[in-house]
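This is what each chain is made of:
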Amino acid sequence: MSIFVSIAAYRDPELVSTIQDCLAKADRPDEIRIGLVWQHAGDETIDAIADDPRVTVLDVAAEDSGGACWARAKAMELYADETYFMQLDSHHRFVKGWDTSLIADMAKTGSAKPLLTTYLPTYEPSLPTPDRREPAGIIFDKFAGPVPLMRGGAVDPHEPGEPIPARFVSAHFIFTLGSFVTEVPYDPELYFHGEEITLGLRAFTWGYDLFHPSESTIFHFYVRKAQPRHWDDHTTRAERKPAWHDRDKISIRRVRNLLLGVVSGRYGPGQVRAVAEYETLTGLNFARCTVREVESTAPAGVLVGGLRCA
């Protein structure tokens, strides 16, 4: 029951603590294997975890990085047929038994191809790790040009202790079957905006059923003030080519083409379900940039809808 953990880190001081906590809090730490894409400047070190046999490191100079999706694609190349695939950022904390909890949730879904995802609750590095929390949902926020953006929100009414049907995917937390790596490989040409909607669409059309976990056993550091981002370093002024905004223009076109059904092949939709079925699930119309109200997946309640693109 091995778990491959994909981590793409960009000049992140939380990286080593994240990996140490992930391994220390697992019930079966020897069954965890971490594929790390370490994008760093010359003054950074990961000596504390570099010799751990459970951690495979791809060493990348920050100036050579192609961005978040490029790095996640590289991390997937380190996958070695583990049972489960988990994607995280490089700034997380865990509660004891997080691995047991997630595997149990996978079984509870009753799905042949479940995918657990959510916007995780936050932690602060200077404070103790929080306790287990009720999960948040992921709901539509707005269209930014042709790209749907999501935000955290309340989950539908559900039975306590049971995974909750979901509609969208969070890039900072995915837990699913190892088959995801070969069926839904990351498109290295994507940059940032559009990453999550394309993941959700491609996973769903490959037959994956989306769920929020029954409880949050992992936490995410959101604010990270004054920590460098890829777009801070990769500017025209920094003479790193292409600059981040040039990559972003290419990426937005690719996202738009995927949503409109133009893209096929390795980075296109799956063949198990149609894109139109995902539009029905989410209430989104990709061609018109509109969203309608959709019925709750539970017996009562509706998600926020009726918004139009800005």
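Note that the structure is predicted; figures quoted are calculated from it, not measured.

Q: Describe the overall build of the protein, listing the residues and the values that go with them.
A: Scanning the protein from N- to C-terminus turns up nine helices and 14 strands. The proportion of buried residues among the 310 residues of the protein is 55%. As presented, the protein carries roughly 13,500 Å² of accessible surface, and 52% of it is formed by carbon and sulfur atoms.

Q: Provide a residue-level description of helix H3 (residues 68-76), including the pertinent values.
A: Most of H3 sits out of view: seven of its nine residues are buried. Listing the buried residues of H3 in full gives Cys69, Trp70, Ala71, Arg72, Ala73, Ala75 and Met76. Next to the buried residues of H3 lie strand S1 (3-10), strand S2 (32-40), strand S3 (55-61), strand S4 (84-88), helix H5 (179-183) and helix H6 (195-205).

Q: Give a detailed account of the packing of aromatic side chains, specifying residues and quantitative values.
A: Evaluation of the coordinates by the stated rule reveals nine aromatic pairs. With 5.7 Å between their ring centres and 85° between their planes, Phe4 and Tyr79 make a pair best called edge-to-face. Of this pair, Phe4 sits in strand S1 while Tyr79 sits in the loop between H3 and S4; the two residues are 75 residues apart in sequence, bridging distant segments of the chain. Of the two residues examined, Phe4 and Tyr79, each falls in the buried class. On the numbers, 5.6 Å between centres and 45° between planes, the contact of Tyr123 with Phe221 is tilted. Taken together, the residues Tyr123 in the loop between strand S6 (114-117) and strand S7 (137-144) and Phe221 in the loop between strand S12 (218-220) and helix H7 (230-233) connect sequence positions 98 residues apart.

Q: Got a sec to walk through the side chain of Thr198? Specific residues and values, please.
A: Along the polypeptide, Thr198 turns up in helix H6. Among residues more than four places away in sequence, those in contact with Thr198 are Leu190, Val255 and Leu258.

Q: Talk me through the nonpolar core; I want residue IDs and the actual numbers.
A: In terms of nonpolar packing, the biggest core is built from 40 residues, with Leu115, Phe168, Phe180, Ile197, Tyr278, Leu284 and Phe286 touching the most fellow members. At the level of elements, H3, S7, strand S8 (147-153), H5, H6, helix H8 (244-259) and helix H9 (275-282) are the ones that each hand at least two residues to this core. For this core, the element with the highest residue contribution is H6, accounting for five residues. Those residues in contact with Phe286, other than ones at most four positions away along the chain, are Pro148, Ile197, Leu201, Arg256, Leu259, Leu260, Val275, Tyr278 and Glu279. Membership of the second largest hydrophobic core comes to 30 residues, among which are Val5, Val16, Tyr84 and Phe94.

About the criteria used
Residues numbered from 1 in each chain as written. Predicted model: local features only at pLDDT ≥ 70, side-chain atom pairs only at ≥ 80, totals over all residues. Heavy atoms only, no water. Helix = DSSP H or I, 4+ residues; strand = E, 2+ residues; numbered from the N terminus. Buried < 20%, exposed > 50% of the residue type's maximum accessible area, 1.4 Å probe, protein only. Areas by Shrake-Rupley, 256 points an atom, 1.4 Å probe, with all protein chains shown as cover. Contact = heavy atoms within 4.5 Å. Phe/Tyr/Trp six-rings, centres within 6.5 Å; stacked < 30°, edge-to-face > 60°. Core = buried A, V, L, I, M, F, W, Y, C linked by side-chain atoms within 4.5 Å.

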